[in-house]
Amino acid sequence: MSFVRGLKCKECGQEYPKEALYVCEYCFGPLEVEYDYAAVAGQISRDVIARRPQNLWRYRELLPLDGDPTDGLNSGFTPLVRADKLARVLGVRELWIKNDGVNFPTLSYKDRVVPVAMSKAKELGFDTVGCASTGNLANSVSAHGAKAGLRRFLFIPHDLELGKVVGSLIYQPTLVAVNGNYDDVNRLCSEIASKYRWAFVNVNMRPYYTEGAKTYGFEVAEQLGWRTPDHLVCPVAGGTILPKIYKAFQEFERMELIGPVRTRIFAAQAATCAPVVRAMHSGQDFVPPVKPAPLSESVDTSLRIGNPADGPYVLEALRETGGWADMATNDEIVDAIRLLAATEGIWTETAGGTTLAVTRKLIAAGKIDPNGSTVVCITGNGLKTIEAVQHRIGAPMQIAASLKSFEQVVLGGGASERAAAGVAG
Amino acid sequence: MAVTVLIPTPLQRLTSGVGEAMVSGSTVGEIIGDLDRQYPGVRDRLCNPETGRLRRFANVYLNSEDIRHLQNEETLVKDGDELSIVPAVAGG
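Thresholds applied
Residues numbered from 1 in each chain as written. Chains lettered and ligands numbered in written order. Predicted model: local features only at pLDDT ≥ 70, side-chain atom pairs only at ≥ 80, totals over all residues. Heavy atoms only, no water. Contact = heavy atoms within 4.5 Å. Buried area = accessible area lost by both parts, 1.4 Å probe. Salt bridge = Lys/Arg side-chain N within 4 Å of Asp/Glu carboxyl O. Polar contact = N/O pair within 3.5 Å; in protein donor to acceptor, adjacent residues only side chain to side chain. Helix = DSSP H or I, 4+ residues; strand = E, 2+ residues; numbered from the N terminus. Nonpolar A, V, L, I, M, F, W, Y, C, P; charged D, E, K, R; others polar. Buried < 20%, exposed > 50% of the residue type's maximum accessible area, 1.4 Å probe, protein only. Pairing = 2+ DSSP bridges.

Draft legend 1. Representation of the interface of chain B and chain A within the structure. Taken together, the contact pairs 29 residues of chain B with 41 residues of chain A. Taking both sides of the interface into account, the surface hidden between chain B and chain A amounts to around 2,900 Å²; carbon and sulfur atoms contribute 54%. In terms of surface lost to chain A, no three residues of chain B exceed Phe-57, Val-89 and Gly-92 of chain B, which account for 25% of the buried area on that side. Between Arg-56 of chain B and Glu-11 of chain A there is a salt bridge, with its nearest N and O atoms 2.9 Å apart. The interface formed by chain B and chain A holds 10 residue pairs in polar contact (both at pLDDT 80 or more) in total. Of all the secondary-structure elements, those providing two or more residues to the side of chain B that touches chain A are helix H2 (42–46), strand E3 (58–62), strand E4 (65–66) and strand E5 (82–87) of chain B. Per-element accounting of the side of chain B that touches chain A gives the leading share, 4 residues, to E5 of chain B. Its residues assigned to classes, the side of chain B that touches chain A shows 14 nonpolar, 7 polar and 8 charged.

Below, the structure written as structure tokens:
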């Protein structure tokens, strides 16, 4: 049974049928899925959800399919980790890491949005899927599409990290590297989507795709014991997930699954590409596009979108919740990646480093109350961005395959005597 | 100046399905004006009728360059240029 009433323009309210439409014909505003919330409320409860399999479809009444889901049956429900050791370093009482770096199967939050877009694309009769991507999305479409048996055309900037390129190619899609940055790839995919009847997950499937991002917020609320945190810090690239986490919290409140939402939401971007932060700091309600700094000057690539489609909705969510936005330098990003790894045993990619670095700044600036609860959104895995840290984490100690060499080189001068005494004792 | 304009799907109802048009004018604003003469109604979809400025979710590219990085609607065009109208796309 479907609870989807149709699509509605977020800007002017014009209504549309639930088809492969993504932009309002009248004002170019994005289209949003409309649900029959009264009917949903009669169907779900904490008990009903808790009894279901631990994947993203446990919230299916608030996701935009008409039939049963066919993709991502093992995706989502990633760990929410209590991070006490990191909390002590940062000087806060209650800190949580929501770790989509271990999402299944491609280790990023994109394994939430892709199954929703892909299941919907199949419902609508598509046999070919595509995307414009900074890497993680292409990985996810490539893997989920392989399992679903769909033809895949994936478009990426030409200069991505090796891990993100190999992480798509291994599933044998058609991978196209475009000579340009992500904003160029985006524009090209829009033009292709206008001409060919393919389901581009983040173009013509966008209304359905973005709904999948809500599951990140649903899980945070459920895993915290059916409550929302006092603060939540989220990375921003195109601006999809942050407003959708806010929407997820609001929907749970509306369904009376949680109490009133008082979460203040914060946005994190890399200083090398920070259009939303700059718009927030200068008090604008739109996001003037920026040109990202050259790749040679940017540690981060995953958030490198100069013209974020959902930027205005990020600004709205920040202002409505009393949040704020800030940016992190290359060094701060790498330091934060190392800190998270050394304290909590979690290796995140540069987007996660950016988010934690900004969290530190917000705590230092008094924007985050150290006595409140804070969730840091980790959306990707460090294995994919080895280049960002490989020259900043030292090297293995080289020794010969002998006990003597181990003691001399690793334990250092005098160590062999101490070790001998220890053995004798 | 004769310029090729790429028309996205959401506007093609106004162009009877035409995805590409030859349009004349010396600035981006004039190009949109001439496009509106050929296909009445296009301008109101692209621009806020009160301010005349491009709507915040409409992206216009001149030879692949976002006109907001140039001189917006006042950007000069020349013969053979390509103007692409592109709705916003979600991140990836």
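Draft legend 2. Inspection of the pattern of salt bridges at higher detail. Residue and element names in this part refer to chain A. In this structure the tally under the stated criterion is 34 salt bridges over all chains. Measuring nitrogen to oxygen at the nearest pair gives 2.8 Å for the salt bridge that ties Glu-32 to Lys-247. Here Lys-247 lies in helix H10 (residues 241–254) and Glu-32 lies in strand E3 (residues 31–35), a separation of 215 residues in the sequence. This pair shows no difference in class: Glu-32 is buried, exactly as Lys-247 is. For Asp-100, the salt bridge identified is with Arg-112, shortest N-O distance 2.6 Å. With a gap of 12 residues between them, Asp-100 in the loop between strand E5 (94–99) and helix H4 (110–123) and Arg-112 in helix H4 connect regions that are remote in the sequence. The class for Arg-112 is buried, based on a relative accessible area of 0%.

Draft legend 3. Region of the structure containing the sheet that holds strand E2 (residues 15–16) of chain A. All names here are of chain A. Read across the sheet, 3 strands follow the order E2-E1-E3 without closing on themselves; strand pairing throughout is antiparallel. In this open sheet, the two strands that pair with only one neighbour each are E2 and E3. Sheet topology note: the strand E1 (residues 4–9)/E3 ladder contains 5 bridges and is antiparallel. Among the inter-strand pairings, Gly-6 is bridged to a residue of E3, identified as Glu-34.

Draft legend 4. Structural context of unusual backbone geometry. Residue and element names in this part refer to chain A. Along the chain, Phe-104 connects to Pro-105 via a cis peptide bond; the corresponding omega equals 0°. Its place among the elements puts Pro-105 in the loop between E5 and H4. Here Phe-77, not a glycine, exhibits a phi torsion of approximately 50°, which is positive. Tracing the chain through its elements places Phe-77 in the loop between helix H2 (46–51) and strand E4 (80–82).

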